[in-house]
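Single-letter residue listing:
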Protein chains: 2
Amino acid sequence: MSKMTKKERFLATSLKLINEKGFKATTIRDLASSLNCEVANIYNYIDSKQSLLETYLFGISNEFHFAMDTIIDSKISSEEKLKLIIRTHIDLMVKKPYELALLVNEWRNLKEPKLSTFIAEKNTYENKVKTVIKEGMEQGVFRSLDLEIATFTFLSTLRWLHDKNTGYPIKMDPLEIEKQITQFVFSGLCID
Amino acid sequence: MSKMTKKERFLATSLKLINEKGFKATTIRDLASSLNCEVANIYNYIDSKQSLLETYLFGISNEFHFAMDTIIDSKISSEEKLKLIIRTHIDLMVKKPYELALLVNEWRNLKEPKLSTFIAEKNTYENKVKTVIKEGMEQGVFRSLDLEIATFTFLSTLRWLHDKNTGYPIKMDPLEIEKQITQFVFSGLCID
DNA sequence: GTCTATAATTCGATAGAC
DNA sequence: GTCTATCGAATTATAGAC
């Protein structure tokens, strides 16, 4: 924390507070209070409360897309691609738990036209996952489930992570989580 | 819609609007506007905006607990219990999609002491699911995964439903969703 | 039950001195 | 960059006439 610039310190503190209270419920006065400064000073770091949310959300969204594009372009099997997608989500949860929680919980508070842009990015991401699963089904590696349902169900298996692991230190061992979720997704709960 | 009392009509309209905009972002003026009435009239139906949220959330929470208790007490296998839990979630999604979405997205906006009560109910529910999975593991029916991770991952597989199916008519066939999710949860994605 | 009017508070954001 | 002070708008909620 010591080598942070003031702006970085502000961004980190705000991110945590917004996660605890929610974006709408967190006021500029709340931010100032938790930083022990005056309301007016907040505007040294940001243009508006809205732009703060945009910075967080598009930042973490870009990280997901960057990782996903690397996975999609690599010459590995569909099964390996899906494993890497799981790993990416867990990595990002470890490195940026608050941003990840914000990504899931607060994107609805974006305003147009940023909201439409975000939703488009979100859909693009889901479609990339869908493509991986579709490939796997066509190759006979994955079970032939309904593609939409399988994709959303798969993505959901990764969506509790931020909720139960927000904050430092991460409560569960990332490698163990990865192993367990991979097993759940690939083989299911039942033995037979 | 025609046989609704005015209060029922108000509750249904408000529920939909709160889901679209978010609880904090939905103002009493928004509610009045969508009902073509004045702000003051809203308070014929409710005591406060906060109590409105409480009514919705504890109502749907109770329905989940009621269904869950019936399942837990029944003399069926762990596998059948888990199947019924899946079915219950899908049933409630079909019957009360907006309440279900609210349950996931807006419970953070409760205030103390209601917030603590809600969180306790939420934890109790998760623990009931956990017990079912634990039973199945002990009986050798379910794979021996980490109990916490398995429970949260399982519950998450049911958590995209409200997101992709909010509103009427339900876009996907409930029986098909049930079949597909059950297969995903029990057998996983991979063929082998 | 419905309306007009308004109270009381809180919000995001800014002006201007230092 | 930091402060004091404040603006203008929006918010929940109520009073009181009809």
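Just above, that's the structure.
Now for a look at the structure at hand.

Here we come to the protein's contact with DNA strand D. As a matter of local geometry, DNA strand D sits amid 15 residues, with Lys6(A), Asn41(A), Thr27(B), Arg29(B) and Lys49(B) nearest to it. Restricting the count to atoms of DNA strand D within 4 Å of the protein gives a sugar and phosphate share of 60%. One of the side-chain nitrogen or oxygen atoms of Lys6(A) is found 2.5 Å away from a phosphate oxygen of DNA strand D. One nitrogen or oxygen atom from the main chain of Ile28(B) is found 3.0 Å from a phosphate oxygen belonging to DNA strand D. Secondary structure elements with two or more residues in the surface near DNA strand D: helix H3 (39–42) of chain A together with helix H2 (28–34) of chain B. Looking at the surface near DNA strand D residue by residue, the classes come out as six nonpolar, five polar and four charged.

This next bit is on the interface of chain B and chain A. Between chain B and chain A, the contact holds 40 residues from the first and 40 residues from the second. Counting the surface lost from both chain B and chain A, the interface buries some 4,100 Å², and carbon and sulfur atoms represent 63% of this. Ranking the residues of chain B by area buried against chain A places Arg143(B), Phe184(B) and Leu189(B) at the top, with a combined share of 18%. Seen at the junction of chain B and chain A, the total is four salt bridges. Salt-bridge contacts for Asp163(A) lead to Arg108(B); the nearest nitrogen and oxygen are separated by 3.2 Å. Across the chain B-chain A interface, the total number found is 25 residue pairs in polar contact (both at pLDDT 80 or more).

In the vicinity of DNA strand C there are 16 residues, among which Thr27(A), Ile28(A), Tyr43(A), Lys49(A) and Lys6(B) approach most closely. Counting only atoms of DNA strand C within 4 Å of the protein, the sugar-phosphate share comes to 58%. Between DNA strand C and Arg29(A) there is a distance of 3.0 Å, counted from a base nitrogen to a side-chain nitrogen or oxygen. Listing elements by their share of the surface near DNA strand C, those giving two or more residues are helix H2 (28–34) and H3 of chain A together with helix H3 (39–42) of chain B. Classifying every residue of the surface near DNA strand C by side-chain character gives seven nonpolar, five polar and four charged.

All names here are of chain A. Relative to each other, helix H1 (residues 6–21) and helix H6 (residues 97–105) sit at 45 degrees, their axes nearing to 10 Å. With respect to each other, H1 and H6 are oriented oblique. In terms of crossing hand, the pair formed by H1 and H6 is left-handed. Residues Leu15, Lys16, Ile18 and Asn19 of H1 form the contact with H6, whose participating residues are Tyr98, Glu99, Ala101 and Leu102. Here the contact of H1 with H6 is composed, by residue class, of five nonpolar, one polar and two charged.

Right, let's get into helix H10 (residues 174–187) of chain B. Over its 14 residues, H10(B) runs 20 Å from end to end, which matches the ideal 20 Å to within 8%, given 1.5 Å per residue. Within the sequence span of H10(B), burial applies to Ile177(B), Glu178(B), Gln180(B), Ile181(B), Thr182(B), Phe184(B), Val185(B) and Phe186(B). The secondary structure elements touched by the buried residues of H10(B) are helix H8 (147–157) and helix H10 (174–187) of chain A together with helix H5 (78–95), helix H8 (147–157) and helix H9 (161–165) of chain B. Immediately downstream of H10(B), the backbone of Gly188(B) shows phi near 80 degrees, a positive value.

What follows covers the state of the cysteines. Counting across every chain of the model gives zero disulfides over all chains. Of all cysteine sulfurs, the one in Cys190(B) lies closest to Cys190(A), which takes part in no disulfide; the gap is 16 Å.

Take the packing of helix H5 (residues 78–95) of chain A against H10(A) next. All names here are of chain A. Relative to each other, H5 and H10 sit at 140 degrees, their axes nearing to 10 Å. Between H5 and H10 lies a crossing whose hand is right-handed. For the pair H5 and H10, contact is made by Glu79, Leu82, Lys83, Ile86, Arg87, Ile90, Met93 and Val94 and by Pro174, Ile177, Glu178, Ile181, Thr182 and Phe186, respectively. A class-by-class count of the residues in the contact of H5 with H10 yields nine nonpolar, one polar and four charged.

Criteria and thresholds
Along each chain, numbering runs from 1 in the same order as the chain's sequence is written. All chains are assigned letters beginning with A, and all ligands numbers beginning with 1, in the order in which they are written. Only residues with pLDDT of at least 70 get local features here, since the model is predicted, and only at 80 or more are side-chain atom pairs given and counted; chain-wide, interface and lining totals rely on the full set of residues. Each side-chain value is worked out from all heavy atoms of the structure, with water and hydrogens disregarded. Here a residue is near a molecule or strand as soon as one of its heavy atoms is found within 4 Å of it. What qualifies as a polar contact is a pair of N or O atoms within 3.5 Å, subject to a donor-acceptor requirement within protein and to the restriction that residues adjacent in sequence count only when both atoms come from side chains. The numbering of helices and of strands both runs from the N terminus, where a helix is a DSSP run of H or I of at least 4 residues and a strand a run of E of at least 2. Nonpolar residues are Ala, Val, Leu, Ile, Met, Phe, Trp, Tyr, Cys and Pro. Charged residues are Asp, Glu, Lys and Arg, and all others, Gly as well, are polar. We call two residues in contact when some of their heavy atoms are within 4.5 Å. Computed with a 1.4 Å rolling probe, the buried area is the accessible surface lost when two parts are put together, summed over both parts. Salt bridge, as applied in this entry: a Lys or Arg side-chain nitrogen positioned within 4 Å of an Asp or Glu carboxyl oxygen. Structural elements are reduced to axes, namely lines fitted to C-alpha atoms, with helices fitted over the stretch in contact, and the angle between N-to-C directions of any two is expressed from 0 to 180 degrees. Small angles under 35 degrees read as roughly parallel and large ones over 145 as roughly antiparallel, with 65 to 115 read as roughly perpendicular and the rest as oblique. Should the near helix be turned anticlockwise from the far one by less than a right angle, the crossing is termed left-handed; should it be turned clockwise, right-handed. Expected span of a helix: the number of residues minus one, times 1.5 Å. Remark: exposure states derive from per-residue accessible area (1.4 Å probe, protein chains only) relative to the maximum for the residue type, with buried under 20%, exposed over 50%, and partly exposed in between. Any cysteine sulfur atom paired with another within 2.5 Å is treated as part of a disulfide.

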